[in-house]
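Notes for the structure review
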Amino acid sequence: MANKLVEVKNLSVGFEKNQNLTQAFSNLSFDIYENEIVCLVGESGSGKSVTAKAIMQLLQVPPAKYIGGEIIFNGKDLLKLSEKELEKIRGKQMAMVFQDALSALNPVYTIGTQMVDVIRLHANKKITRKEALEQAKELLHLVNIRNVDEVVKQYPFQLSGGMRQRLMIAMALSSKPQLLLADEPTTALDVTVQARILKLIRDLKEQFSMTVLFITHDLGVVYEMADRVMVLKEGELVEEGRKDDIFTHPKHPYTKKLLNSMPRIYFQEDS
Ligand SMILES: Nc1ncnc2c1ncn2[C@@H]1O[C@H](COP(=O)(O)OP(=O)(O)OP(=O)(O)O)[C@@H](O)[C@H]1O
Ligand SMILES: [Mg+2]
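Residues numbered from 1 in each chain as written. Chains lettered and ligands numbered in written order. Predicted model: local features only at pLDDT ≥ 70, side-chain atom pairs only at ≥ 80, totals over all residues.

**Quick notes on the overall build of the protein chain**
Across its full length, the protein chain holds twelve helices and ten strands. Over its C-alpha atoms the protein chain spans a radius of gyration of 19 Å, differing by no more than 12% from the 18 Å that the globule rule assigns to 271 residues. Considered along the principal axes of its C-alpha atoms, the protein chain spans approximately 55 × 45 × 40 Å. For the protein chain, long-range pairs separated by at least 24 residues make up 66% of all intrachain contacts whose partners lie at least 6 apart in sequence. (Helix = DSSP H or I, 4+ residues; strand = E, 2+ residues; numbered from the N terminus. Rg over C-alpha atoms; globule rule 2.2 N^0.38 Å. Contact = placed C-beta atoms within 7 Å.)

Here you go:
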(Lines give C-alpha, C1' and ligand atoms only; values in the text may rest on other atoms or scores of the structure.)
(Ligands and ions follow the chains in the order given, each with its own letter.)
Protein backbone atom coordinates (compact mmCIF):
# COMPACT_ATOMS: atom_id res chain seq x y z
CA MET A 1 0.00 0.00 0.00
CA ALA A 2 1.24 3.48 -0.86
CA ASN A 3 2.00 6.03 1.83
CA LYS A 4 -0.69 8.28 3.17
CA LEU A 5 -0.26 11.86 2.02
CA VAL A 6 -3.34 13.20 3.80
CA GLU A 7 -5.09 11.81 6.86
CA VAL A 8 -8.35 13.46 7.81
CA LYS A 9 -9.28 12.25 11.28
CA ASN A 10 -12.63 12.86 12.95
CA LEU A 11 -12.88 16.27 11.35
CA SER A 12 -15.90 18.36 12.32
CA VAL A 13 -16.57 21.69 10.64
CA GLY A 14 -19.50 24.03 11.14
CA PHE A 15 -20.67 27.49 10.19
CA GLU A 16 -21.72 30.12 12.70
CA LYS A 17 -24.57 32.47 11.97
CA ASN A 18 -26.28 34.64 14.55
CA GLN A 19 -24.66 32.52 17.27
CA ASN A 20 -26.15 29.35 15.78
CA LEU A 21 -23.71 26.70 14.70
CA THR A 22 -24.72 24.40 11.85
CA GLN A 23 -22.44 21.48 11.17
CA ALA A 24 -21.30 20.95 7.61
CA PHE A 25 -20.00 17.56 8.70
CA SER A 26 -18.92 15.82 11.86
CA ASN A 27 -16.32 13.14 12.50
CA LEU A 28 -15.27 12.86 8.89
CA SER A 29 -12.31 10.50 8.45
CA PHE A 30 -10.51 9.43 5.31
CA ASP A 31 -7.03 9.03 3.85
CA ILE A 32 -5.51 10.11 0.56
CA TYR A 33 -2.63 7.95 -0.65
CA GLU A 34 0.40 9.17 -2.57
CA ASN A 35 0.06 9.10 -6.32
CA GLU A 36 -3.62 8.20 -6.53
CA ILE A 37 -6.57 10.01 -8.03
CA VAL A 38 -9.31 9.81 -5.47
CA CYS A 39 -12.74 11.13 -6.41
CA LEU A 40 -15.03 12.67 -3.84
CA VAL A 41 -18.56 12.37 -5.14
CA GLY A 42 -21.90 13.46 -3.72
CA GLU A 43 -24.82 15.66 -4.48
CA SER A 44 -24.98 19.41 -4.05
CA GLY A 45 -24.57 20.52 -0.45
CA SER A 46 -23.06 17.22 0.73
CA GLY A 47 -19.87 18.96 1.86
CA LYS A 48 -17.41 18.34 -0.98
CA SER A 49 -16.13 21.90 -1.34
CA VAL A 50 -15.95 22.45 2.41
CA THR A 51 -13.82 19.31 2.67
CA ALA A 52 -11.39 20.53 -0.01
CA LYS A 53 -11.23 24.05 1.43
CA ALA A 54 -10.60 22.60 4.89
CA ILE A 55 -7.63 20.64 3.54
CA MET A 56 -6.36 23.79 1.80
CA GLN A 57 -7.10 25.75 4.99
CA LEU A 58 -9.06 28.21 2.88
CA LEU A 59 -12.27 28.31 4.90
CA GLN A 60 -12.89 31.72 6.31
CA VAL A 61 -12.94 31.54 10.13
CA PRO A 62 -15.51 32.80 11.18
CA PRO A 63 -18.14 32.04 9.89
CA ALA A 64 -16.46 28.63 9.48
CA LYS A 65 -15.37 26.86 12.64
CA TYR A 66 -13.11 23.84 13.06
CA ILE A 67 -14.93 22.06 15.84
CA GLY A 68 -12.55 19.16 16.17
CA GLY A 69 -10.32 16.63 14.48
CA GLU A 70 -7.06 16.64 12.58
CA ILE A 71 -5.89 17.15 9.01
CA ILE A 72 -2.48 15.54 8.73
CA PHE A 73 -0.52 16.47 5.61
CA ASN A 74 3.01 15.09 5.25
CA GLY A 75 2.89 14.21 8.93
CA LYS A 76 1.88 17.70 10.14
CA ASP A 77 -1.52 18.65 11.56
CA LEU A 78 -2.57 21.63 9.44
CA LEU A 79 -4.97 22.80 12.14
CA LYS A 80 -2.02 23.40 14.45
CA LEU A 81 0.09 25.45 12.04
CA SER A 82 0.42 29.23 11.99
CA GLU A 83 -0.73 31.22 8.96
CA LYS A 84 2.92 31.71 8.06
CA GLU A 85 3.59 27.98 8.11
CA LEU A 86 0.43 27.37 6.10
CA GLU A 87 1.59 29.83 3.46
CA LYS A 88 4.61 27.61 2.87
CA ILE A 89 2.29 24.71 2.14
CA ARG A 90 -0.70 26.31 0.43
CA GLY A 91 -0.15 26.88 -3.26
CA LYS A 92 3.24 25.19 -3.00
CA GLN A 93 2.88 21.67 -1.67
CA MET A 94 -0.84 21.67 -2.35
CA ALA A 95 -2.82 23.67 -4.88
CA MET A 96 -6.47 23.95 -5.79
CA VAL A 97 -8.34 24.35 -9.06
CA PHE A 98 -11.81 25.81 -8.63
CA GLN A 99 -15.01 25.23 -10.55
CA ASP A 100 -15.33 28.82 -11.65
CA ALA A 101 -12.02 29.95 -13.13
CA LEU A 102 -13.31 33.37 -14.08
CA SER A 103 -13.99 34.41 -10.52
CA ALA A 104 -10.65 33.00 -9.38
CA LEU A 105 -8.77 35.24 -11.81
CA ASN A 106 -8.28 38.97 -11.50
CA PRO A 107 -10.15 40.71 -14.34
CA VAL A 108 -7.90 43.77 -14.52
CA TYR A 109 -4.51 42.08 -15.03
CA THR A 110 -3.27 40.20 -18.06
CA ILE A 111 -2.76 36.44 -17.90
CA GLY A 112 1.00 37.01 -18.09
CA THR A 113 1.06 39.42 -15.15
CA GLN A 114 -1.03 37.10 -12.97
CA MET A 115 1.07 34.07 -13.80
CA VAL A 116 4.32 35.93 -13.22
CA ASP A 117 3.11 37.05 -9.77
CA VAL A 118 2.09 33.52 -8.77
CA ILE A 119 5.32 31.99 -10.08
CA ARG A 120 7.51 34.53 -8.28
CA LEU A 121 5.50 34.08 -5.07
CA HIS A 122 6.06 30.32 -5.13
CA ALA A 123 9.63 30.29 -6.43
CA ASN A 124 12.23 28.87 -4.07
CA LYS A 125 14.73 31.58 -4.98
CA LYS A 126 14.26 35.14 -6.22
CA ILE A 127 13.63 35.30 -9.95
CA THR A 128 13.11 38.23 -12.28
CA ARG A 129 9.79 38.98 -13.96
CA LYS A 130 11.39 38.05 -17.26
CA GLU A 131 12.46 34.64 -15.98
CA ALA A 132 9.01 34.10 -14.47
CA LEU A 133 7.37 34.99 -17.79
CA GLU A 134 9.45 32.32 -19.52
CA GLN A 135 8.27 29.79 -16.92
CA ALA A 136 4.68 30.98 -17.44
CA LYS A 137 4.96 30.29 -21.15
CA GLU A 138 6.39 26.82 -20.50
CA LEU A 139 3.47 26.07 -18.19
CA LEU A 140 0.99 27.23 -20.80
CA HIS A 141 2.62 24.91 -23.32
CA LEU A 142 2.33 22.11 -20.81
CA VAL A 143 -1.44 22.51 -20.62
CA ASN A 144 -1.62 22.54 -24.41
CA ILE A 145 -2.22 26.24 -24.94
CA ARG A 146 -0.68 26.98 -28.31
CA ASN A 147 -0.43 30.71 -29.01
CA VAL A 148 1.26 31.48 -25.70
CA ASP A 149 2.83 34.78 -26.77
CA GLU A 150 -0.63 36.19 -27.47
CA VAL A 151 -2.32 34.56 -24.49
CA VAL A 152 0.02 36.13 -21.92
CA LYS A 153 -1.02 39.58 -23.19
CA GLN A 154 -4.74 38.82 -22.92
CA TYR A 155 -7.22 39.37 -20.09
CA PRO A 156 -9.23 36.54 -18.49
CA PHE A 157 -12.51 37.50 -20.20
CA GLN A 158 -10.84 37.12 -23.61
CA LEU A 159 -10.26 33.39 -23.11
CA SER A 160 -12.78 30.59 -23.61
CA GLY A 161 -13.98 28.59 -20.59
CA GLY A 162 -11.77 25.65 -21.53
CA MET A 163 -8.71 27.90 -21.93
CA ARG A 164 -9.35 29.52 -18.55
CA GLN A 165 -9.60 26.16 -16.88
CA ARG A 166 -6.30 25.08 -18.52
CA LEU A 167 -4.79 28.31 -17.27
CA MET A 168 -5.97 27.60 -13.72
CA ILE A 169 -4.40 24.15 -13.93
CA ALA A 170 -1.16 25.70 -15.24
CA MET A 171 -1.11 28.16 -12.32
CA ALA A 172 -1.83 25.39 -9.81
CA LEU A 173 1.04 23.38 -11.29
CA SER A 174 3.51 26.26 -11.17
CA SER A 175 4.84 25.11 -7.81
CA LYS A 176 4.79 21.40 -8.74
CA PRO A 177 2.47 20.57 -5.83
CA GLN A 178 2.37 17.11 -4.31
CA LEU A 179 -1.39 17.38 -3.92
CA LEU A 180 -3.80 18.86 -6.43
CA LEU A 181 -7.32 19.55 -5.21
CA ALA A 182 -9.67 19.88 -8.17
CA ASP A 183 -13.16 21.06 -7.21
CA GLU A 184 -15.48 20.34 -10.14
CA PRO A 185 -12.97 21.84 -12.57
CA THR A 186 -14.91 20.84 -15.68
CA THR A 187 -18.53 21.29 -14.66
CA ALA A 188 -18.97 24.53 -16.59
CA LEU A 189 -17.46 23.13 -19.79
CA ASP A 190 -19.00 21.34 -22.73
CA VAL A 191 -18.45 17.60 -23.03
CA THR A 192 -15.59 17.54 -25.54
CA VAL A 193 -13.62 20.26 -23.74
CA GLN A 194 -14.30 18.45 -20.47
CA ALA A 195 -12.88 15.20 -21.85
CA ARG A 196 -9.69 16.96 -22.93
CA ILE A 197 -9.20 18.64 -19.55
CA LEU A 198 -9.76 15.36 -17.72
CA LYS A 199 -7.14 13.68 -19.89
CA LEU A 200 -4.79 16.60 -19.27
CA ILE A 201 -5.13 16.23 -15.50
CA ARG A 202 -4.49 12.47 -15.74
CA ASP A 203 -1.41 13.02 -17.94
CA LEU A 204 0.02 15.73 -15.70
CA LYS A 205 -0.61 13.60 -12.64
CA GLU A 206 1.60 10.89 -14.18
CA GLN A 207 4.22 13.36 -15.38
CA PHE A 208 4.60 15.06 -12.01
CA SER A 209 3.77 12.02 -9.80
CA MET A 210 1.01 14.08 -8.21
CA THR A 211 -1.75 13.02 -5.91
CA VAL A 212 -5.19 14.31 -6.90
CA LEU A 213 -8.37 14.81 -4.91
CA PHE A 214 -10.96 15.23 -7.63
CA ILE A 215 -14.39 16.50 -6.67
CA THR A 216 -17.40 15.95 -8.86
CA HIS A 217 -21.08 15.12 -8.69
CA ASP A 218 -20.84 13.40 -12.08
CA LEU A 219 -20.30 9.62 -11.95
CA GLY A 220 -19.29 9.63 -15.60
CA VAL A 221 -16.34 11.81 -14.63
CA VAL A 222 -15.59 9.52 -11.68
CA TYR A 223 -15.48 6.60 -14.09
CA GLU A 224 -12.98 8.47 -16.28
CA MET A 225 -10.75 9.68 -13.49
CA ALA A 226 -10.77 7.69 -10.30
CA ASP A 227 -8.47 5.08 -8.86
CA ARG A 228 -10.53 5.22 -5.69
CA VAL A 229 -13.92 6.71 -4.88
CA MET A 230 -15.38 8.24 -1.72
CA VAL A 231 -19.11 8.85 -1.59
CA LEU A 232 -20.29 11.72 0.56
CA LYS A 233 -23.90 12.16 1.63
CA GLU A 234 -25.01 15.01 3.88
CA GLY A 235 -21.54 15.31 5.37
CA GLU A 236 -21.10 11.59 5.95
CA LEU A 237 -18.80 9.29 4.04
CA VAL A 238 -21.21 6.47 3.26
CA GLU A 239 -18.96 4.36 1.05
CA GLU A 240 -15.42 4.20 -0.24
CA GLY A 241 -13.47 1.75 -2.33
CA ARG A 242 -11.61 1.00 -5.56
CA LYS A 243 -13.44 2.40 -8.56
CA ASP A 244 -14.17 -1.01 -10.08
CA ASP A 245 -15.65 -2.30 -6.82
CA ILE A 246 -17.85 0.75 -6.39
CA PHE A 247 -19.17 0.55 -9.92
CA THR A 248 -19.75 -3.20 -9.98
CA HIS A 249 -20.61 -3.92 -6.33
CA PRO A 250 -21.94 -0.77 -4.66
CA LYS A 251 -22.91 -1.51 -1.05
CA HIS A 252 -24.69 1.56 0.22
CA PRO A 253 -28.23 2.27 -1.04
CA TYR A 254 -27.22 5.86 -1.80
CA THR A 255 -24.35 4.72 -4.05
CA LYS A 256 -26.76 2.34 -5.80
CA LYS A 257 -29.18 5.20 -6.31
CA LEU A 258 -26.43 7.39 -7.79
CA LEU A 259 -25.37 4.57 -10.12
CA ASN A 260 -28.92 3.87 -11.22
CA SER A 261 -29.33 7.45 -12.29
CA MET A 262 -26.38 7.09 -14.65
CA PRO A 263 -26.48 6.15 -18.32
CA ARG A 264 -25.85 2.40 -18.73
CA ILE A 265 -23.01 3.00 -21.19
CA TYR A 266 -20.46 3.16 -18.38
CA PHE A 267 -21.12 -0.41 -17.30
CA GLN A 268 -20.91 -2.03 -20.69
CA GLU A 269 -17.11 -2.34 -20.78
CA ASP A 270 -17.17 -4.40 -17.60
CA SER A 271 -19.93 -6.82 -18.48
N1 LIG B 1 -19.67 30.08 3.91
C2 LIG B 1 -20.65 29.28 4.35
N3 LIG B 1 -21.52 29.69 5.29
C4 LIG B 1 -22.49 28.87 5.76
N5 LIG B 1 -22.71 27.61 5.33
C6 LIG B 1 -21.89 27.14 4.38
C7 LIG B 1 -20.81 27.95 3.81
N8 LIG B 1 -20.15 27.20 2.89
C9 LIG B 1 -20.78 26.00 2.86
N10 LIG B 1 -21.82 25.97 3.74
C11 LIG B 1 -22.71 24.82 3.99
O12 LIG B 1 -21.96 23.63 4.12
C13 LIG B 1 -22.62 22.54 3.47
C14 LIG B 1 -21.71 21.90 2.46
O15 LIG B 1 -21.45 22.81 1.40
P16 LIG B 1 -20.45 22.51 0.21
O17 LIG B 1 -20.22 23.78 -0.50
O18 LIG B 1 -19.26 21.79 0.73
O19 LIG B 1 -21.31 21.51 -0.70
P20 LIG B 1 -20.87 20.79 -2.06
O21 LIG B 1 -20.95 19.32 -1.81
O22 LIG B 1 -19.56 21.32 -2.51
O23 LIG B 1 -22.02 21.21 -3.06
P24 LIG B 1 -21.98 21.61 -4.62
O25 LIG B 1 -22.00 20.30 -5.36
O26 LIG B 1 -23.23 22.39 -4.83
O27 LIG B 1 -20.73 22.41 -4.88
C28 LIG B 1 -23.88 23.11 2.86
O29 LIG B 1 -24.94 22.83 3.72
C30 LIG B 1 -23.61 24.59 2.79
O31 LIG B 1 -24.80 25.33 2.92
MG1 LIG C 1 -18.96 22.47 -4.15
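Having seen it, we continue.
**Side note on the site of ligand 1**
Phe15, Ala24, Gly42, Ser44, Gly45, Ser46, Gly47, Lys48, Ser49, Val50, Pro63 and His217 make up every residue found near ligand 1. Residue contributions to the shell around ligand 1 peak at three residues, all from helix α1 (residues 48–56). The class makeup of the residues in the shell around ligand 1 is four nonpolar, seven polar and one charged. (Near = placed C-beta within 6 Å. Nonpolar A, V, L, I, M, F, W, Y, C, P; charged D, E, K, R; others polar.)

**Looking at the nonpolar core**
One finds Cys39, Ala172, Leu180, Leu181 and Leu213 to be the most contacted residues of the largest nonpolar core, which totals 74 residues. The element best represented in this core is helix α7 (residues 161–173), accounting for eight residues. Setting aside residues up to four positions removed in sequence, Ala172 forms contacts with Ala95, Met96, Val97, Pro177 and Leu180. (Core = buried A, V, L, I, M, F, W, Y, C linked by C-beta atoms within 7 Å. Buried ≥ 20, exposed ≤ 12 C-beta atoms within 10 Å, placed from the backbone.)

**Some words on the sheet that holds strand β1 (residues 4–17)**
Within the open sheet, the four strands sit side by side as β2-β1-β4-β5. Their pairing is antiparallel. Looking at the sheet topology across the chains shown, the edges are occupied by β2 (20–33) and β5 (76–77). The sheet contacts of α1 involve β1, β2 and β4 (64–73), and relative to β1 the element is tilted by about 115°. (Pairing = 2+ DSSP bridges. Axes fitted to C-alpha atoms, helices over the stretch in contact; angles between N-to-C directions.)

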